[in-house]
Amino acid sequence: MAQALAVETHGLTKRYSTGVLAVDDLDLRVRTGEVYGFLGPNGAGKTTTLRLLSGLIHPTSGSAIVAGAVPGSPASLARLGAMVETPAFYPYLSGRDNLRVVARYAGVPKSRIDPVLKLVDLTDRAKHKFKTYSTGMKQRLGVAAALLKGPDLLILDEPTSGLDPQGTIEMRALIKELKQGGRTVLLSSHLLNEVELTCDRVGVIAKGKLVAEGTVDELRARSGGRTLRIHATPLEQAQRLLESFLNPDQVRVIDGSLVLNVDPAQAASINRRLVADGVDVSELRVDEQSLENVFLQLTEAPTQPTPASGGGDRSGKVEGNK
Amino acid sequence: MIASFRGETLKSRKRWANWILFGILLITLLLFGYVLSYVIFKNPPRNFQSPVPASVLIRRDFPENLLPTVLSSMSTIGAAIMIILGSLSTASEYGWLTVQTILIQKPGRVAVLVGKLLNLGLITLITSVVALGLAALTSYLLVSIDGSSSAWPSATELLKGFGALWLQLAVWTAFGMFLGIAFRSTAAAIGGGLTYLFVGEALIAGLLRDTPGIKEILKFLPGVNGEAVNASFRLSFRSPNAATQLVDASRGSITLVIYLLLFSILALLIFQRRDVTAG
Ligand SMILES: Nc1ncnc2c1ncn2[C@@H]1O[C@H](COP(=O)(O)OP(=O)(O)O)[C@@H](O)[C@H]1O
Ligand SMILES: [Mg+2]
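Criteria and thresholds
Residues numbered from 1 in each chain as written. Chains lettered and ligands numbered in written order. Predicted model: local features only at pLDDT ≥ 70, side-chain atom pairs only at ≥ 80, totals over all residues. Heavy atoms only, no water. Helix = DSSP H or I, 4+ residues; strand = E, 2+ residues; numbered from the N terminus. Rg over C-alpha atoms; globule rule 2.2 N^0.38 Å. Contact = heavy atoms within 4.5 Å. Buried < 20%, exposed > 50% of the residue type's maximum accessible area, 1.4 Å probe, protein only. Areas by Shrake-Rupley, 256 points an atom, 1.4 Å probe, with all protein chains shown as cover. Near = heavy atom within 4 Å. Polar contact = N/O pair within 3.5 Å; in protein donor to acceptor, adjacent residues only side chain to side chain. Nonpolar A, V, L, I, M, F, W, Y, C, P; charged D, E, K, R; others polar. Buried area = accessible area lost by both parts, 1.4 Å probe. Salt bridge = Lys/Arg side-chain N within 4 Å of Asp/Glu carboxyl O. Expected span 1.5 Å × (residues − 1). Pairing = 2+ DSSP bridges. Axes fitted to C-alpha atoms, helices over the stretch in contact; angles between N-to-C directions. Core = buried A, V, L, I, M, F, W, Y, C linked by side-chain atoms within 4.5 Å. Phe/Tyr/Trp six-rings, centres within 6.5 Å; stacked < 30°, edge-to-face > 60°. Lys NZ or Arg CZ within 6 Å of the ring centre and 35° of its normal.

(A) How the structure looks around the overall build of chain B. Helix and strand counts for chain B come out as 11 helices and 0 strands. What you see in chain B, going N to C, is helices and strands ordered as α-α-α-α-α-α-α-α-α-α-α. Relative to the compact-globule value of 19 Å for 279 residues, chain B shows a C-alpha radius of gyration of 20 Å, a close match. A fraction of 82% describes how many contacts in chain B between residues 6 or more apart in sequence connect residues 24 or more apart.

(B) Expanded view of the overall build of chain A. Within chain A one finds 11 helices and 14 strands. Looking at the 322 residues of chain A, the share that counts as buried comes to 54%. Of all intrachain contacts in chain A linking residues separated by at least 6 positions in sequence, the fraction that spans at least 24 positions is 69%. In the structure as shown, chain A presents an accessible area of about 13,900 Å², 51% of it carried by carbon and sulfur atoms.

(C) Structural view of the site of ligand 1. Taken together, 14 residues lie around ligand 1, and Gly43, Gly45, Lys46, Thr47 and Thr48 of chain A are the ones closest in. Looking at the residues close to ligand 1, they fall on chains A and B. One of the backbone nitrogen or oxygen atoms of Ala44 of chain A is found 3.2 Å away from an oxygen atom of ligand 1. At 2.5 Å from an oxygen atom of ligand 1 is found a side-chain nitrogen or oxygen belonging to Thr48 of chain A. Calculation on ligand 1 without its partners gives an accessible area of 560 Å², and the protein chains cover 73% of this total. Top contributing element to the shell around ligand 1 by residue count: helix α1 (residues 46–53) of chain A, with 4 residues. Here the shell around ligand 1 is built from residues that sort into 5 nonpolar, 7 polar and 2 charged.

(D) Spotlight on the interface of chain A and chain B. Taken residue by residue, the interface counts 30 residues in chain A and 33 residues in chain B. Of the roughly 2,900 Å² buried between chain A and chain B on both sides combined, carbon and sulfur atoms contribute 60%. If you sort the residues of chain A by the area they bury against chain B, Leu56, Arg104 and Tyr105 of chain A come out on top, with a joint share of 30%. In this structure, the connection of chain A to chain B is made through 2 salt bridges. Here Lys14 of chain B ties to Asp97 of chain A by a salt bridge, and the two come within 3.0 Å at their closest N and O atoms. The interface formed by chain A and chain B includes 16 residue pairs in polar contact (both at pLDDT 80 or more). Those elements giving two or more residues to the side of chain A that touches chain B turn out to be α2 (74–78), β6 (80–83) and α3 (95–106) of chain A.

(E) Focus on the side chain of Ser87 of chain B. When you line up the elements, Ser87 of chain B lands in helix α4 (residues 66–95). Not counting the four nearest positions on each side in its chain, Ser87 of chain B is found in contact with Ser92, Gly176, Met177, Gly180, Thr186, Ala189 and Ile190 of chain B.

(F) Looking closely at the environment of Gln139 of chain A. By secondary structure assignment, the location of Gln139 of chain A is in helix α5 (residues 135–147). Between the C-alpha atoms of Gln139 of chain A and Pro87 of chain A, which are 52 residues apart in sequence, the distance is 5.8 Å.

(G) Main features of the pattern of salt bridges. Per the stated rule, a full pass over the model turns up 21 salt bridges over all chains. As a salt-bridge pair, Arg79 of chain A and Asp152 of chain A come within 2.6 Å of each other at their nearest N and O atoms. A residue pair is termed long-range when its members are at least 10 positions apart, and Arg79 of chain A in the loop between α2 and β6 and Asp152 of chain A in the loop between α5 and β7 (153–157) qualify at 73 residues. Where Glu8 of chain B meets Lys11 of chain B, a salt bridge forms, and the shortest distance between an N and an O atom there is 2.9 Å. You can see Glu8 of chain B and its partner Lys11 of chain B sitting in helix α1 (residues 2–13), 3 residues apart, about one turn around the helix.

(H) Spotlight on helix α8 (residues 186–207) of chain B. All names here are of chain B. The end-to-end C-alpha distance of α8, which contains 22 residues, comes to 29 Å, matching closely the 32 Å that a straight helix rising 1.5 Å per residue would cover. Three or more residues of α8 are buried, namely Ala189, Ile190, Gly193, Leu194, Leu197, Gly200, Glu201 and Ala205. In the core, the buried residues of α8 are packed alongside α4, α7 (155–183), α9 (212–218) and α10 (222–231).

(I) The arrangement of the sheet that holds strand β10 (residues 209–214) of chain A in detail. All names here are of chain A. Reading across the sheet, the 6 strands line up as β6-β7-β8-β4-β9-β10 and stay open at both edges, with mixed pairing between neighbours. Unpaired on one side and paired on the other, β6 and β10 mark the two borders of the sheet. Shown here is a sheet whose adjacent strand axes are inclined to one another by a mean of 15 degrees, direction ignored. Bridge analysis of β7 against strand β8 (residues 184–189) gives 5 bridges, and the strand direction is parallel. Bridging across to β8, Leu153 finds its partner in Thr184. Where α5 meets the sheet, its contacts fall on β6 and β7, and the angle it forms with β6 comes to roughly 165 degrees.

(J) Examining the nonpolar core more closely. Counting residues in hydrophobic clusters, the biggest one holds 103 residues, and the most contacted among them are Phe38, Leu53 and Leu186 of chain A. Counting residues per element, this core draws most heavily on α4 of chain B, which supplies 14 residues.

(K) Summary view of the packing of aromatic side chains. By the definition in use, this model includes 12 aromatic pairs over all chains. Pairwise contacts between aromatic rings join Trp172, Phe175, Phe178, Tyr196, Tyr259 and Phe263 of chain B into one cluster. Over the aromatic face of Phe130 of chain A sits the side chain of Lys138 of chain A, whose NZ or CZ is 5.3 Å from the ring centroid. Above the plane of the ring of Phe245 of chain A lies Arg273 of chain A, whose end atom (NZ or CZ) is 3.9 Å from the centre.

(L) Structural context of unusual backbone geometry. Residues and elements named next belong to chain A. The step from Thr233 to Pro234 runs through a cis peptide bond, and the omega angle for that step is -10 degrees. If you trace the backbone, Pro234 turns up in the loop between β11 (226–233) and α9 (235–245). Of note in the backbone geometry, Asp121 takes a positive phi value of approximately 65 degrees without being a glycine. By the element assignment, Asp121 lies in the loop between α4 (113–119) and α5.

(M) Spotlight on the environment of Leu296 of chain A. Checked against the element boundaries, Leu296 of chain A lands in helix α11 (residues 291–300). When the C-alpha positions of Leu296 of chain A and Gly208 of chain A are compared, they lie 16 Å apart, and in sequence the two are 88 residues distant.

(N) Region of interest: the pairing of strand β2 (residues 21–26) of chain A. Residues and elements named next belong to chain A. In this structure, strand β1 (residues 5–15) lies alongside β2, joined through 3 bridges in antiparallel fashion. Following the sheet pairing, Leu12 is matched in β2 by Leu26. Counted along the chain from β1 to the antiparallel partner β2, the turn is 5 residues long, and its residue Gly19 has a positive phi close to 100 degrees.

(O) Examining α1 of chain B more closely. Counted at 1.5 Å a residue, the expected span for α1 of chain B with its 12 residues is 16 Å, and the 16 Å between its end C-alpha atoms agrees. For α1 of chain B, the complete set of buried residues consists of Ser4, Gly7, Glu8, Thr9, Leu10, Lys11 and Ser12 of chain B.

Right, dumping it as structure tokens:
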């Protein structure tokens, strides 16, 4: 029976014994059948969240339901395939023997081993010891192990990290393939274009908090959409002036240019004020907001919600439709 | 539980380190416990001095003394090997982070660890059977070469001796396994376990066994209790250096069973509660 949500968390919080607050009051909703990208810079709390969802660590507070049951319970684990942090296998065993061990633990017949080896394209090297594998092969064996159970929900932690461009392309193709049959995929990444290429929906996490959630297009649209890029001299004077009549949050200096998070319709009036103040404006153009900027904007000041645009919407949180 | 037991047996069987440890144990037992002692007592050095003549001492290598000889030969080396084996079985999982891989399969944490315990129990059982079997074979060969005759211990004695061996190997394995989980590092677990064995048991218990206050504490140590159990299997001749035991054999056996349970339960408690992370 399909549920609407494959993963649901309520106020999920994890403070490690070291005192680090790695996940802070997280409310995550992953819908059944989607590929959900969990995006955030290094140290944002992605791996910690995925450990919580697989029952490897216990939450400090809050709760989660994963594949219909409490994380780490046999009922939840039975429907979950996961690779968290890094593909971890026995170095002295071959790829195939590692999968045999995993299959025994998971209680699945060993007849499933050959198909998953084929799917991740490891059949030829299955006899070789895990310790002789390249990063890409280790990563693929991790995916194979996660697939052994034929899980409804697949959790992959940075599946393309450490891969060369060729390996990255292959892994992305593989992820697309894995989605078939109504399977839900939750993958984490610190790379935007990665998520843009593979995911239906994205949750952005920074310093343990979910700062935005929605489709890639929604994120782009609601985070300002377009910006004004101005090349002006002297730069400092221009910046000071702009900050005096715009919200300082809307003014940033990137690569020696001023980037204004304002409605492009204001371009003419802004230009007039700069020139009137004696500033030389050598270039003024409207930039489509790149996803990179959205990402930076969302994760820069994560303790308070980032103003989403120059307009009225002050919430950085972008909800999905409905 | 059965699932994780099956996974564990496969891992143990394919791990070279386990076979090397097994080999070291058997070679030590047969070479130092039997062959070397036979050769020495057969051709005692000119300055050999002992209240019991070498021609009597040599009988320790014959079937009549199978149990006391195997138990005493195995007591320290067996403990050391089993501490290493137990440590490897858990600490390595943390080193490779494979503990994470097995915990995200189906069985819960208790089932995972109980499966591990069952597998270690099976390994110690096999080790006990093979050690006793090979020692019996060797003693039979030696008595035949010697042209003497010697009686085998009775079936009940054999069973009791086998039980004593298995119990002690199991206690030390559980100790190593517990240390592996507590320290999450093979080096720390093996280092700590062996240091305890050689300093705590062999050195202190050996030197201070008659010191009044300390003696009371020593009565609770696993090695001291194991030694008491071993001493209840007597040699066929009066041994010149038989030490008096601090506890009797039945108290020794009970103490060992308690240690076995204690190490297993402590390991379970830690394993069940603790977060599993790479750090
Ligand atoms: N085992 C641990 N003990 C203490 N702190 C940790 C541990 N693992 C991660 N952290 C800290 O928690 C924060 C989030 O880390 P992590 O979840 O690994 O982030 P990400 O996967 O997004 O890079 C970081 O500050 C990290 O240093
Ligand atoms: Mg991570």
